[in-house]
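The chain contents come next:
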Amino acid sequence: MVQPALVWKFGGTSVADPIRLRAVAERMVAAQRAGHRMVTVLSAMGGSTDELNRMAYAMSSRPQLRELDALLSVGECISCALAALAVHDLGSRAVSLTGAQAGILTDAHYGNARLQDLRPQRILDALDTGAVVLVAGYQGISPSGDVTTLGRGGSDASAVAIAAALGLRECEIFTDVAGVFSADPRVVPDARQLATISREEMLQLAAAGARVLQPLAVELAAAHDIDIHVRSSFTTAAGTWLQEETVFDQPDITGVAHRERESFYTVSGASPAVITAALAERGAAVGSMVRDGDKVHITAPGAEESEIVAALFAAGARVLVRDDMGSVSIVGSGVGRRPGVTARALRTLEAEGIQPQLVTSTPSRVSFHVPERTVHHAVRLLHKTFGLHQDIGTERRRDRVTRSAS
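These numbers come from a predicted model, not from an experiment.

Asks: What am I meant to see in the sheet that holds strand E3 (residues 94-97) here?
Replies: If you trace the eight strands from one edge of the open sheet to the other, you get E3-E6-E2-E1-E9-E11-E12-E10, paired in mixed fashion. Strands with a single pairing partner mark the edges of an open sheet, and in this sheet they are E3 and strand E10 (196-198). Between one strand and the next, the sheet's axes are offset by a mean angle of 20°, whatever the strand orientation. Pairing geometry for strand E1 (residues 6-10) and strand E2 (residues 38-42), over five bridges, is parallel.

Here it is, written out as structure tokens:
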């Protein structure tokens with residue numbers, strides 16, 4: 001009996017070399033032979049996108065965004081073609097598709113495009129032939145027919161969008177970590193793996209710098225009611241399920257996220273309205289904004305510094321960049337509405353000589369902008385202060401209902 005389709009996504013470290021790519025191919029073939037119709041989204045091989053980006057800036061200090069997208073989209077296509085060759089070598093059939101061939105339609109914001117529609121007919125046709133379908137992540141096609149990219153981590157969004165277009169309720173994201181943790185385990189060795197996490201909390205962690213999932217992917221999961229299973233590429237163990245939250249105003253603090261570097265920009269000669277419009281033209285958003293006389297101080301989390309400076313220069317503004325700052329964020333349901341949490345965090349940081357330059361909050365997140373050299377120390381301090389390393393029974397382990405067959 002043919003099982004429902006599965007949508008899997010493998011990140012760059014999972015397909016970093018031919019050996020790992022073949023291991024991914026073996027996993028897909030095994031699932032197909034167990035009766036599943038397989039659609040797999042692949043990222044570029046680890047480090048290749050960064051290398052392509054370096055090559056672009058070696059050619060031009062301000063590369064055209066259209067051509068940059070055309071270049072950066074190549075890495076995912078290479079991964080898919082190589083994986084398809086491996087699947088064929090294992091005795092099964094595979095079809096590799098670019099984002100455009102897979103029917104992924106976007107707007108025209110190069111470098112940070114938004115999904116507009118997904119028409120999966122070619123994916124369905126390939127599945128009907130019995131093929132494993134390999135889709136190049138991170139990319140789509142604009143209304144004018146140009147290749148666009150979906151921002152860093154955009155393959156996550158590609159996978160969730162495909163799952164939604166196929167009418168599925170689940171999507172599996174394979175990565176180089178076992179799941180979602182209370183902090184980056186490379187910074188906090190005793191960080192605790194979470195069995196489940198709400199979409200809102202994951203969105204806040206991702207927005208604050210956690211690199212497990214792209215924020216757009218989490219937004220899509222919420223919009224289409226899709227559960228995401230984040231798990232390791234290298235084991236068969238269960239990971240972390242990202243689901244809709246069913247417990248109201250859960251008092252737990254979920255985790256601590258960070259950005260090792262988050263530049264501050266001091267802008268002169270442009271109003272806040274002009275600044276936000278200039279960044280929007282490049283698909284970037286302001287994180288924080290403070291007016292100081294005739295100057296405006298801003299952050300733009302996740303955006304490339306060169307793109308922010310270029311956008312502001314094009315708008316006639318003068319820009320000074322302070323690039324020795326990072327950020328640390330506490331995430332949890334309602335945390336921004338509990339002033340005691342912020343006060344405790346500030347006391348902890350200041351006791352260690354760490355002086356935040358800016359504090360910002362949302363209902364589910366409080367962020368502290370601190371000197372870059374102190375970021376890792378601040379993460380460990382806050383993780384310990386709020387007891388996140390302790391398995392003291394506060395971790396939410398709600399029973400997950402598998403919905404594939406519903």
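Asks: Looking at this structure, I do not really get helix H8 (residues 215-224). What am I missing?
Replies: Owing to its 3.6 residues per turn, the α-helix aligns residues three or four sequence positions apart on the same side. Turning to H8, its buried residues are Leu216, Ala217, Val218, Leu220 and Ala221. Tucked into the core, H8 has its buried residues touching strand E5 (115-118), helix H6 (154-165), helix H7 (199-207), strand E11 (227-232) and strand E12 (240-243). In the segment just after H8, aspartate 225 is the residue with positive phi, at about 55°.

Asks: Would you take a moment to explain the confidence of the model for the chain for this structure?
Replies: Keep in mind that low pLDDT regions are not for reading the predicted coordinates in detail. Per-residue confidence for the chain gives a mean pLDDT of 90; residues scoring 70 or more make up 93%. Taken together, the stretch residues 392-402 has pLDDT below 50 and engages in 27 contacts with residues farther than four places along the chain or on a different chain.

Asks: Would you explain the packing of aromatic side chains in this entry?
Replies: Geometry of an aromatic ring pair is reported as the spacing of the ring centres plus the angle between the planes. Applying the stated criterion across every chain yields a total of three aromatic pairs. Taking 5.1 Å as the distance between ring centres and 65° as the angle between the ring planes, the aromatic pair formed by tryptophan 8 and phenylalanine 174 counts as edge-to-face. Here tryptophan 8, found in strand E1, pairs with phenylalanine 174, found in strand E9 (residues 170-175); they are 166 residues apart in sequence, far enough to count as distant. Each ring, one from phenylalanine 10 and one from phenylalanine 174, has its centre 4.5 Å from the other, and the planes form 10°; the classification is stacked. Of this pair, phenylalanine 10 sits in strand E1 while phenylalanine 174 sits in strand E9, and the two are 164 residues apart along the sequence. Taking the relative accessible area as the measure of exposure, phenylalanine 10 reaches 0% and is therefore buried. One aromatic cluster is present, built from ring pairs that chain together Trp8, Phe10 and Phe174.

Asks: Looking at this structure, I do not really get the UniProt feature "domain: Aspartokinase ACT" (unreviewed entry) in the chain. What am I missing?
Replies: UniProt records the feature "domain: Aspartokinase ACT" (unreviewed entry) for residues 328-386 in the present numbering. When the span residues 328-386 is considered, its composition is 41% helix and 27% strand, and the gap between its end C-alpha atoms is 14 Å.

Asks: Would you explain the pairing of strand E19 (residues 358-362) in this entry?
Replies: Remember that side chains alternate between the two faces of the sheet whenever the strand is regular. When E19 meets strand E20 (residues 365-371), the two strands line up antiparallel, connected through five bridges. Of the residues in E20, the one forming a bridge with threonine 360 is serine 367. Hairpin connection, E19 to E20: the antiparallel pair is bridged by two residues.

Asks: Would you mind showing me how to read the side chain of threonine 49 here?
Replies: Looking at the element boundaries, threonine 49 is found in helix H2 (residues 48-59). Setting aside chain neighbours within four positions, we find threonine 49 in contact with Ala44, Leu72, Glu76, Tyr138 and Arg152.

Asks: Hey, could you run me through the sheet that holds strand E14 (residues 264-268) in this one?
Replies: In sheet architecture, strand pairing relies on hydrogen bonds along the backbone and comes in two forms, parallel and antiparallel. Ordered in space as E15-E16-E14-E17, the four strands form an open sheet in which the pairing is antiparallel. Among the strands making up the open sheet, the edge pair consists of strand E15 (289-292) and strand E17 (318-322). Each strand axis lies, on average, 20° off the axis of its neighbour in the sheet, ignoring direction. The sheet contact formed by E15 and strand E16 (residues 295-299) spans four bridges and is antiparallel. Each bridged residue has a counterpart across the sheet, and for valine 290 the counterpart in E16 is histidine 297. Each of E14, E16 and E17 touches helix H10 (residues 305-314); the most contacted strand, E17, lies at about 160° to it.

Asks: Looking at this structure, I do not really get the nonpolar core. What am I missing?
Replies: Here is a general trend for soluble globular proteins: nonpolar side chains tend to be buried in one another's company. Of all hydrophobic cores here, the largest spans 43 residues; its most connected members are Val7, Val39, Ile123, Val135, Ile162 and Met202. At the level of secondary structure, the elements contributing two or more residues to this core comprise E2, helix H5 (121-128), strand E6 (132-136), H6, E9, H7, H8 and E11. The leading source of residues in this core is H6, at six residues. Non-local contacts of valine 7, meaning those with residues more than four positions away in its chain, are made with Val39, Ala159, Ile162, Ala163, Leu166, Leu168, Cys171 and Glu172. Counting residues in each nonpolar core, the second largest holds 24 residues, with Phe181, Ile253, Leu381 and Phe386 among its members.

Criteria and thresholds
- Residues numbered from 1 in each chain as written.
- Predicted model: local features only at pLDDT ≥ 70, side-chain atom pairs only at ≥ 80, totals over all residues.
- Heavy atoms only, no water.
- Pairing = 2+ DSSP bridges.
- Helix = DSSP H or I, 4+ residues; strand = E, 2+ residues; numbered from the N terminus.
- Axes fitted to C-alpha atoms, helices over the stretch in contact; angles between N-to-C directions.
- Buried < 20%, exposed > 50% of the residue type's maximum accessible area, 1.4 Å probe, protein only.
- Contact = heavy atoms within 4.5 Å.
- pLDDT = per-residue confidence, 0-100.
- Phe/Tyr/Trp six-rings, centres within 6.5 Å; stacked < 30°, edge-to-face > 60°.
- UniProt positions renumbered as here; feature names shortened; annotations may be inferred.
- Core = buried A, V, L, I, M, F, W, Y, C linked by side-chain atoms within 4.5 Å.

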